[in-house]
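Analysis of the macromolecular model
Here are the chains, one letter per residue:
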Amino acid sequence: MPTSADGTVIVEHVWKRFRADAGEARLNAQLIRVGRRLVGKEQQWTWVLKDVNLEVKPGETVGLIGINGSGKSTLLKIISHAMYQTNGRCDTYGRIGALLEVRGGINPQLSGRENIYMFGSLLGLSRRQIAQRFDTIVEFAEVSTAIDRQVKFYSSGMQVRLGFSIAAHLDADILLVDEVLAVGDANFQQKCLQRISEVVASGTTLLFVSHDLAAVEAMCDRAMWLTESMVRAAGPTRAVLAQYREAIEEHAALASGTDDGALRVLKTEVTGPDDGPPRPGEAAKIRLVLRGPEGTSAFLFVGVSQGPAMPIFVTRHAVKLPSGEFEVRCLIRNLPIPKGRYYLWLSMISRKNGEPVQGWAPVGHFDVFGAITDTPPKGVLVLSPVYVDATWESS
Amino acid sequence: MTGAAPGGLATPVPCTGGWGVATDTGGVSRPDDDGGLLLVDPDTVPDEPPADAYYRHRVPLLLAISHMWQRKEIIWALAERDVRVSYKQATLGMAWGIINPVIQVLLFTLIFGHVKSLKIPGVPYAIYAFTGVICWSYFAGSFGAGSSAVIGNLNLLQKTHFPRECFPLSQMLEQTLYTTIGLIPLTILLVAKGFAPHAEILWAPVFIAIELLFTAGMVLAAASIIVYVRDLGQITALIIQIGLFATPVIWPLSKLANISIGPLHHWDLRPYYSFINPLGPVVDNVRRTMLLGQNPDWPLLGIAAVSASLYFVFGYLIFKRLEVGFADIS
């Protein structure tokens, strides 16, 4: 086996399966299993990773995205060698630091100080190394006043911060991060991202699992999208995210369907000046052709999003549905979004009782052509891109 | 940082489905945004992996031991964590390390202290019982706590990657502390009775080594099997109870020297017994040397040493073999 530089991760045709009846560790279940094997019957397996390939060079940053249960966390566990693959090869070179649901390593009975030493050694630091970092860890976790208190008296936020802080100060060659940003307040999240980018800047390889696509975009050069245990797309982060968002969109459209008899969206169109394509900063027109239950008096909400449900902006309009088709137009003076693909969402809420006539659902997409926004520095999240007509001067 | 060749991320798979074309919908572009997107058609992924590439988890014993030894600080940290936690939860803390053996010895002395056939001339029964209890309770404590060390730490196990045997071995280390504390009341008892241990007890390292090997083997095997068969957790408690009486704690090993069953007359059962339960000769030799000042019974100790080594090797191998699925069970 050729040795590679520290920080390299090689995942080759990795497959992973679990028993379909996972967790059945009772004696009778085991006996049945042994019996089946003796009779030569097939075991019941569920594949949770199918033919996954990933090669990461030292210092690269790779994001893993996909819905829950798609196998991202399993892949990270295999890379961290906490779990073994069923088939294929998984090699890593150098020290691995894992930020996987960091509260797991924290013991509530011990004080913050003891936890730093305990968890630190479990993660592979020597006592001296921990002592060197102790102050930094405490300061980062913002628990200096409570460091000698038992962790069970910490708030959940403090516990998470402490766990993250310990794990974030290992000098690992490969850093695995699994959904740690889902916890903690916005400030601390930003701090975590900052810390991760510092670690990355020092040459550490990063593998990053998150549902926060903005975070993935901010942190990672490349991304891999897993779906139903398989790799669906891999490559430059933006391109993969675009694929992912589109698929989610399709899925949402299929799931919510506007065909429940309440409201139908017959046509959507977004145009720019002179009925051409929409352009950032210029006037735009959203045209919707609808048909719904006659006489309904309702608010029509129209939103524009870049990906899943969260819109960049929403506008509202009071309508009274006539019989048959009708058209509504929304005029926007300066379209505040830069170049890219966007999705149109719609919802209709009855004015009488506040009940939804139509739930929040995607109804179409459109592309904006023209200027692009500047890329933010690494590790900084852009919530959603907004077009700002800015000019610079310096003297 | 972005020195990766485009497409280096995954092995190219021919695209035949609706994902064939890389679309540029990302909008804002980055320098590396212009290519390298690889799309995989789910239909091209086979249902089963190739049969020749199944991962086989085979770790040579010596390699495993050397890996474990490199991470011995982890064993220490885990043991320290558990000691600190139990110390905080129990008001008497470490004192339990003294109270437990003392009560056991008191009970045995009250019940068996007057049984003539168990008496050894010149040795107070309390001291006799105490030596047995110390040897036995190290095994019992390690086995009881160590066998559940893996299932008790599944959460941590899924987040770390140090050798898994650190979990049960840390329990043995913790037990070492309690056993050492248990030597305090024994010392007090020796002083109170005015009984001076004989110099032959300096052979103790041999006895300790045998006990450690045997205990480690049993603990490793139990800790790994219990992950898959939880019912065994109940059986370990049973084994400890039975073992207390099946090991020469309250009776001398010499009782087995002359057994007559059916056609067998004056049969020396001790070699066979020593092979199955190496703790027997350990307890016996602690008493021979320390209490009676005799030399160790080398033939029986030899059998025990071989047996304990086998327990250790097989226990370790079972553990390494089964550890592959630990993280799958949660």
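All figures in this text were calculated on a predicted structure; none of them were measured in a lab. Along every chain, residues carry numbers that run from 1 in the direction the sequence is written. To read the labels, note that chains go from A and ligands from 1, taken in the order they are written. In keeping with the predicted nature of the model, local features appear solely for residues at pLDDT of at least 70, side-chain atom pairs appear and are counted solely at 80 or more, and the whole-chain, interface and lining totals rest on all residues.

Details of the overall build of chain B
- A run of DSSP states H or I qualifies as a helix once it reaches four residues; a run of E qualifies as a strand once it reaches two. Both are numbered from the N-terminal end. When helices and strands are counted, chain B shows 11 helices and 3 strands.
- Counting over 330 residues, chain B shows a buried share of 39%.
- A pair of residues counts as a contact when their C-beta atoms, built from backbone coordinates, are within 7 Å of each other. When contacts within chain B are restricted to residue pairs at least 6 apart in sequence, those whose partners lie at least 24 apart make up 81%. Put simply, a residue is buried when 20 or more other C-beta atoms lie within 10 Å of its own C-beta and exposed when 12 or fewer do; between those, it is partly exposed, and each C-beta is set from the backbone.

Focus on the overall build of chain A
- Tallying secondary structure elements over chain A gives 8 helices and 16 strands in all.
- By residue count, 44% of the 395 residues in chain A fall in the buried class.
- Of the contacts made within chain A by residues no fewer than 6 positions apart, 72% connect residues no fewer than 24 positions apart.

As for unusual backbone geometry
Residues and elements named next belong to chain A.
- In this model, Asp51 sits at a positive phi of 50 degrees, which is unusual for a non-glycine residue.
- Following the sequence through the fold, Asp51 ends up in strand E2 (residues 45-56).
- Judged by local crowding, Asp51 falls into the buried class, with 23 C-beta atoms found within 10 Å.
- A positive phi is found at His81, a non-glycine position, where the angle reads about 65 degrees.
- Relative to the helices and strands, His81 is located in the loop between helix H2 (72-79) and strand E4 (87-92).
- Looking at His81, the number of C-beta atoms within 10 Å reads 17, which means it is partly exposed.

Overview of the sheet that holds strand E15 (residues 340-350) of chain A
All names here are of chain A.
- When DSSP finds two or more bridges between two strands, those strands count as paired. Read across the sheet, 4 strands follow the order E13-E12-E15-E16 without closing on themselves; strand pairing throughout is antiparallel. Looking at the sheet topology across the chains shown, the edges are occupied by strand E13 (311-320) and strand E16 (356-368). Put simply, the sheet's adjacent strands are angled 20 degrees from each other on average, direction ignored.
- Both strand E12 (residues 297-305) and E13 contribute to a ladder of 9 bridges, which runs antiparallel. Paired with Phe301 across the bridge in E13 is Arg316. Only the stretch in contact is used when a helix axis is fitted, and all axes are lines through C-alpha atoms; the angle between N-to-C directions ranges over 0 to 180 degrees.

Observations concerning the domain arrangement of chain A
- You can read the domains of chain A as domain 1 (9-248) and domain 2 (257-368).
- For domain 1 of chain A and domain 2 of chain A, the distance between their C-alpha centres works out to 40 Å. Delimitation of the domains relies on an automatic or database domain assignment.

Quick notes on the packing of helix H3 (residues 112-122) of chain A against helix H4 (residues 127-141) of chain A
Residues and elements named next belong to chain A.
- Between H3 and H4, the least distance of the axes is 10 Å, while the angle of their chain directions is 125 degrees. Classified by the interaxial angle, the pair formed by H3 and H4 is oblique. Classified by chirality, the crossing of H4 by H3 is right-handed. Note on element contacts: H4 touches H3 through Arg127, Ile130, Phe134 and Ile137, opposite Ile116, Tyr117, Gly120 and Ser121.
- Gly is placed with the polar residues, together with every amino acid not listed as nonpolar (Ala, Val, Leu, Ile, Met, Phe, Trp, Tyr, Cys and Pro) or charged (Asp, Glu, Lys and Arg). Here the contact of H3 with H4 is built from residues that sort into 5 nonpolar, 2 polar and 1 charged. Orientation is classified from the angle alone, with under 35 degrees giving roughly parallel, over 145 giving roughly antiparallel, 65 to 115 giving roughly perpendicular, and any other angle giving oblique. Rotating anticlockwise by less than a right angle from the far helix to the near helix defines a left-handed crossing, while the corresponding clockwise rotation defines a right-handed one.

Some points on the pairing of strand E9 (residues 230-236) of chain A
- Counted residue by residue, E9 of chain A has 7 buried out of 7 residues, so it is predominantly covered.
- Pairing between strand E8 (residues 222-227) of chain A and E9 of chain A: 6 bridges, direction antiparallel. When the sheet's bridge partners are listed, Ala223 of chain A is paired in E9 of chain A with Gly235 of chain A.
- Counted between consecutive antiparallel strands, the loop separating E8 of chain A from E9 of chain A contains 2 residues, among which Glu228 of chain A sits at a positive phi close to 45 degrees.
- Summarising the sheet, E9 of chain A and strand E1 (residues 38-39) of chain B pair through 2 bridges and their orientation is antiparallel. When the bridges of E1 of chain B are listed, Ala233 of chain A appears paired with Leu39 of chain B.

Concerning the environment of Arg222 of chain A
Residues and elements named next belong to chain A.
- Along the chain, Arg222 turns up in strand E8.
- On the neighbour-count criterion, Arg222 (24 C-beta atoms within 10 Å) is buried.
- Sequence separation of Arg222 and Thr237 is 15 residues, and the distance between their C-alpha atoms is 4.5 Å.

Digging into the confidence of the model for chain B
- As a per-residue quantity, pLDDT reports the predictor's confidence and falls between 0 and 100. Chain-level pLDDT for chain B is 83 on average; 89% of the residues reach the 70-or-more range.
- Low confidence marks residues 1-34 of chain B, where pLDDT is under 50. Its contacts with residues over four positions away, or in another chain, come to 77 contacts.

A word on the environment of Leu39 of chain B
- Here Leu39 of chain B shows up in strand E1.
- For Leu39 of chain B, a count of 24 C-beta atoms within 10 Å puts it in the buried group.

Remarks on the sheet that holds strand E11 (residues 284-291) of chain A
Residue and element names in this part refer to chain A.
- With antiparallel pairing, the 3 strands of this open sheet are ordered in space as E10-E11-E14. With partners counted over all chains shown, the strands left at the sheet margins are strand E10 (264-271) and strand E14 (325-332), one partner each. Pairs of neighbouring strands in the sheet enclose a mean axial angle of 15 degrees, with direction left out of account.
- Both E10 and E11 contribute to a ladder of 7 bridges, which runs antiparallel. Each bridged residue has a counterpart across the sheet, and for Thr271 the counterpart in E11 is Lys285.

Re the nonpolar core
- Grouped together as the largest cluster of nonpolar side chains are 150 residues, with contacts concentrated most on Leu176, Leu207, Phe208, Met224 and Val240 of chain A.
- Apart from residues no more than four positions distant in its own chain, Val240 of chain A is found in contact with Ala223, Met224, Trp225, Ala233, Ala234 and Gly235 of chain A together with Leu37 of chain B.
- Nonpolar cores are built from buried Ala, Val, Leu, Ile, Met, Phe, Trp, Tyr and Cys residues. These are joined into a set through C-beta atoms within 7 Å. Val302, Ile337, Leu346 and Val357 of chain A belong to the second largest nonpolar core, which has 22 residues in total.

Regarding the pairing of E14 of chain A
All names here are of chain A.
- Of all the 8 residues making up E14, 0 are buried; the element is thus mostly uncovered.
- Pairing analysis gives 8 bridges linking E11 to E14, with the strands arranged antiparallel. Across the sheet, Ile286 pairs through a bridge with Cys330, a residue of E14.

Quick notes on the environment of Tyr342 of chain A
Residue and element names in this part refer to chain A.
- Mapped onto the elements of the fold, Tyr342 is located in strand E15.
- Residue Tyr342 is classed as buried on the basis of its 25 C-beta neighbours within 10 Å.
- Sequence-distant contacts of Tyr342, that is, excluding residues within four places in its chain, are made with Val304, Ser305, Gln306, Ile337, His365, Phe366 and Val368.

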